[in-house]
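# Coordinate analysis (summary)
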Amino acid sequence: MKVITNFLLIISTLLLCPAIYADYAVSLSELKLMPHFCRGMSIGNLQDDAKHLHRKMHVPGQHTQHYCHGIKRIIRGDRAEFTKLGAGRGQYSAAVNEFDYVQSHSSKKHALIPSTSLYRAEALAKMGRTLDALKEYNKAISLKRKYPAAYAKLADYYIKLNQQQNALNTVKIGLKYSPKSKSLLRRLKKYGGQGDTP
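The paragraphs below set out a description of the structure included in this document. From a predicted model like this one, the values you see are computed outputs, not experimental measurements. (Residues numbered from 1 in each chain as written. Predicted model: local features only at pLDDT ≥ 70, side-chain atom pairs only at ≥ 80, totals over all residues. Heavy atoms only, no water.)

All right, on to the nonpolar core then. Grouped together as the largest cluster of nonpolar side chains are 48 residues, with contacts concentrated most on Leu 31, Met 34, Tyr 67, Cys 68, Tyr 137 and Val 171. Among the secondary structure elements, those contributing two or more residues to this core are helix H3 (28–31), helix H4 (64–83), helix H5 (89–105), helix H6 (113–126), helix H7 (130–143), helix H8 (148–160), helix H9 (164–177) and helix H10 (182–190). Ranked by residues supplied to this core, first place goes to H8 with seven residues. (Core = buried A, V, L, I, M, F, W, Y, C linked by side-chain atoms within 4.5 Å. Buried < 20%, exposed > 50% of the residue type's maximum accessible area, 1.4 Å probe, protein only. Helix = DSSP H or I, 4+ residues; strand = E, 2+ residues; numbered from the N terminus.)

Here you go:
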């Protein structure tokens, strides 16, 4: 009964407060930047301008709407940072909360758990929480060894931290698991790997 009461309270709040709904729902420009499966979220997660992109499709795993809303928050944070340094911090924090929800409420077999850790790491990095970000990047890699995007993003983050050797080592480790990854091979060359792989 308490669950139904809370659900009805949330729905009535969204209906009575359009500003809250607009902040929660995904806009057309945001949806176009999100993974394709986010178009399969229930239509109530979309603003009016995005509803025509809604598709009935299988969405991976559990609590996928929270994953998509986390991506939305990163997009909004990046846009806010573009206008004013530090303005995106609240959005990045909200993204971390969305990804935390997916991680804590999903089974370990959820297909998006490694990706959730990767994007959680990105949000933490954008907040300046370096140690937490590094831990989460490495968690994404430990959850899915063949994950070139995670190795690439971690290597890029090391470059941002002026840790070129760590970046190069990360790329080389990633290439052990995904030797044909174009993104990792490009970074190997870019970061001074001379085209060699371990």
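As a further point, take the environment of Asn 169. On the secondary structure map, Asn 169 appears in helix H9. The sequence separation of Asn 169 and Tyr 151 amounts to 18 residues, and the corresponding C-alpha distance is 9.8 Å.

Glancing now at the packing of aromatic side chains. Across all of its chains, the model carries five aromatic pairs by this definition. On the basis of an interplanar angle of 40 degrees and a centroid distance of 5.6 Å, the ring pair of Tyr 137 and Tyr 157 is categorised as tilted. Here Tyr 157 lies in helix H8 and Tyr 137 lies in helix H7, a separation of 20 residues in the sequence. By the burial criterion, Tyr 137 is buried, and Tyr 157 matches it. For the ring pair Tyr 151 and Tyr 177, a centre distance of 6.4 Å and an interplane angle of 15 degrees mean the geometry is stacked. Of the two residues, Tyr 151 is situated in helix H8 and Tyr 177 in helix H9; the sequence distance between them amounts to 26 residues. You can call Tyr 151 buried: its relative accessible area is 2%. Grouped by ring-pair contacts, the aromatic residues Phe 37, Tyr 67, Phe 99 and Tyr 119 constitute a single cluster. The ring of Tyr 147 carries the charged tip of Lys 144 above its face, separated from the ring centre by 4.7 Å. (Phe/Tyr/Trp six-rings, centres within 6.5 Å; stacked < 30°, edge-to-face > 60°. Lys NZ or Arg CZ within 6 Å of the ring centre and 35° of its normal.)

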